[in-house]
Amino acid sequence: SDLDIAKELNMSSDGIYSHRMRFGYLRENNLRLNKPKELSLFQKQVLIGTMIGDSSFKISKGSINPAIQCAHCIKQKEYCFLKTNIFDSLGASCKYHKRNIPDKRNGIYYEDYTMYVPANPILKNWYEAFYNKKKEIPMDLVLNYFNEISLAFLYMDDGCKDNKTYSIATNSYSEENILDFRKFLFDKFNIETSRTKSHVRYIRTKSKDIFTNLISPYVCNCMKY
């Protein structure tokens with residue numbers, strides 16, 4: 001399959017497909033239609049957290065199934081490799097990238113590490129749950145899979161230490177969606193939150209210790225800052 005070739009050459013399956021099409025290497029059977037690869041419960045728990053955070057689904061041209069990708073700065077290299085190892089059974093890879101053009105504001109050639117999980121038919125229901133015109137938090141999946149592992153990966157993806165407590169950037173979600181998620185966090189973990197006008201969620205100070213104890217076992221070293 002394109003995925004098997006991609007792993008041997010340390011490329012993306014999209015790149016292999018593009019090369020085959022460019023040079024006319026066609027197949028009698030369409031191996032572009034990736035075979036389903038089931039996710040373990042642990043992978044689902046990580047996925048729901050990181051997808052609410054900074055990860056995203058991507059459907060490439062010529063594919064009908066979604067892939068997963070997320071980028072992290074050089075400082076978070078260890079975290080990117082951690083996620084890659086978690087999704088290794090799905091064909092995940094992690095690659096270094098440096099921009100060819102400097103940022104106009106400061107002249108810096110930004111660098112990052114990007115995790116890529118190849119297209120998988122199993123992810124189609126997840127994609128449809130997350131993207132209804134725009135990205136939203138799918139509460140059905142949250143109720144089924146979101147636990148303290150998910151909370152840790154959401155925080156590592158999209159959170160920060162804020163004075164005496166923590167915050168999570170949920171800016172892109174609707175107010176109704178965030179209120180549902182806020183109620184879930186209280187009902188499941190007894191974590192109370194508040195929000196700013198920009199929809200950033202703050203962990204209230206009285207819930208800080210609960211939050212810390214829940215996520216601490218799962219936070220990798222490079223993210224402990």
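Structural data are supplied above this passage.
Going along each chain's sequence as written, the residues are numbered from 1 onward. Where totals are concerned, whole chains, interfaces and linings use all residues; where local detail is concerned, this predicted model gives features only for residues with pLDDT of at least 70, and gives and counts side-chain atom pairs only at 80 or more. Here the side-chain values reflect all heavy atoms present in the structure, with hydrogen atoms and water set aside.

Draft legend 1. Representation of the overall build of the chain. Each helix corresponds to a stretch of at least 4 residues labelled H or I by DSSP, and each strand to a stretch of at least 2 residues labelled E; elements are numbered beginning at the N terminus. On a plain count of helices and strands, the chain comes out with nine helices and ten strands. Relative to the 2.2 N^0.38 estimate, which gives 17 Å for 225 residues, the radius of gyration of the chain is 19 Å and therefore close to what a compact globule would have. For the chain, the spread of C-alpha atoms along the principal axes amounts to about 60 × 45 × 30 Å. Throughout this description, buried means an accessible area under 20% of the type-specific maximum (1.4 Å probe, protein chains only), exposed means over 50%, and partly exposed covers the range between. Burial analysis of the chain (225 residues in total) assigns 44% to the buried set. Put simply, 66% of the contacts in the chain that link residues at least 6 apart link residues at least 24 apart. The Shrake-Rupley method, run with a 1.4 Å probe, gives the accessible areas here. Residue values count only the displayed protein chains as cover. Element-wise, carbon and sulfur atoms account for 50% of the exposed surface of the chain, whose accessible area totals about 12,600 Å². A distance of 4 Å separates the average location of the 34 positive side-chain charges in the chain from that of its 25 negative side-chain charges. Based on C-alpha atoms, the radius of gyration is set beside the globule rule, defined as 2.2 Å times the residue count to the power 0.38. The contact rule is simple, with two residues in contact once any of their heavy atoms fall within 4.5 Å. Charged residues are defined here as Lys and Arg on the positive side and Asp and Glu on the negative side; His and the ends of the chain fall outside this count. The location of each charge is read from NZ of Lys, CZ of Arg, CG of Asp or CD of Glu.

Draft legend 2. Representation of the packing of aromatic side chains. Paired rings are identified among Phe, Tyr and Trp, the last through its six-membered ring, by centres lying within 6.5 Å, and are further divided according to the angle between planes into stacked (under 30 degrees), edge-to-face (over 60) and tilted (the rest). In the structure shown here, the tally under the stated rule is 16 aromatic pairs. When the centroid spacing of 6.3 Å and the interplanar angle of 70 degrees are considered together, the rings of phenylalanine 57 and tyrosine 127 count as edge-to-face. You can see phenylalanine 57 sitting in strand β1 (residues 56-58) and its partner tyrosine 127 sitting in helix α5 (residues 124-130), a full 70 residues away along the chain. Of the residues examined, phenylalanine 57 reaches a relative accessible area of 7% and is grouped as buried. Residue classification places tyrosine 127 among the partly exposed positions, given a relative accessible area of 26%. For the pair tyrosine 166 and phenylalanine 211, a centre-to-centre distance of 4.9 Å together with 40 degrees between the ring planes defines the contact as tilted. Taken together, the residues tyrosine 166 in strand β8 (residues 165-169) and phenylalanine 211 in helix α9 (residues 208-215) connect sequence positions 45 residues apart. For the pair tyrosine 166 and phenylalanine 211, one class covers both residues: buried.

Draft legend 3. Representation of the sheet that holds β1 within the structure. Being paired, for any two strands, means DSSP has found at least two bridges between them. Strands sit in the order β1-β2-β4-β3 across an open sheet of four strands; the sheet is antiparallel. With one partner strand each, in any of the chains shown, β1 and β3 (93-98) form the two edges of the open sheet. Put simply, the sheet's adjacent strands are angled 30 degrees from each other on average, direction ignored. Note: β1 against strand β2 (residues 67-73), three bridges, orientation antiparallel. In the sheet register, serine 56 faces β2, and the bridge partner there is glutamine 69. A fitted line through C-alpha atoms serves as each axis, taken over the contacting stretch for helices, and the angle formed by two N-to-C directions is quoted from 0 to 180°. On the sheet, helix α4 (residues 77-86) packs against β2, β3 and β4 (111-117) and is oriented at approximately 10 degrees with respect to β4.

Draft legend 4. Looking closely at the pairing of strand β10 (residues 200-203). Sheet topology places β8 next to β10; three bridges connect them, and they run antiparallel. Looking at the pairing, alanine 169 lines up with valine 200 of β10. With three bridges joining them, strand β9 (residues 193-195) and β10 adopt antiparallel strand pairing. Looking at the pairing, arginine 195 lines up with arginine 201 of β10. The antiparallel hairpin formed by β9 and β10 contains four residues in its connecting segment, where histidine 199 sits at a positive phi of about 75 degrees.

Draft legend 5. Expanded view of the sheet that holds β8. Across the sheet, four strands lie side by side as β7-β8-β10-β9; this open sheet has antiparallel pairing. Among the strands making up the open sheet, the edge pair consists of β7 (159-162) and β9. Adjacent strand axes in the sheet meet at a mean angle of 30 degrees, parallel and antiparallel pairs treated alike. Relative to β8, α9 is tilted by about 70 degrees, and along the sheet it contacts β7, β8 and β10.

Draft legend 6. Quick look at empty space enclosed by the protein. Cavities and pockets are found on a 1 Å grid laid over the protein atoms alone: a cavity is a set of points where a 1.4 Å probe fits but cannot escape, a pocket is an open set with protein on both sides within 12 Å along at least five of seven lines, and a lining residue has an atom within 4 Å of such a point. Grid points are joined across faces, edges and corners, and a volume is the space filled by probe spheres set on the points. All chains considered together, the criterion is met by two cavities of 30 Å³ or more. Here the second largest cavity is characterised by a volume of approximately 30 Å³. Considering the residues around the second largest cavity, the lining is formed by Leu154, Ile168, Thr170, Phe181, Leu185, Arg201 and Ile203. Taken together, the residues of the lining of the second largest cavity break down into five nonpolar, one polar and one charged. Charged means Asp, Glu, Lys or Arg here, nonpolar means Ala, Val, Leu, Ile, Met, Phe, Trp, Tyr, Cys or Pro, and polar covers whatever is left, Gly included.

Draft legend 7. Quick peek at the nonpolar core. Of all hydrophobic cores here, the largest spans 50 residues; its most connected members are Leu47, Ile52, Phe87, Val142, Phe146, Phe181 and Phe211. No other element matches helix α7 (residues 148-158), which puts seven residues into this core. Buried residues of nine kinds, namely Ala, Val, Leu, Ile, Met, Phe, Trp, Tyr and Cys, make up a nonpolar core once their side-chain atoms join them within 4.5 Å.

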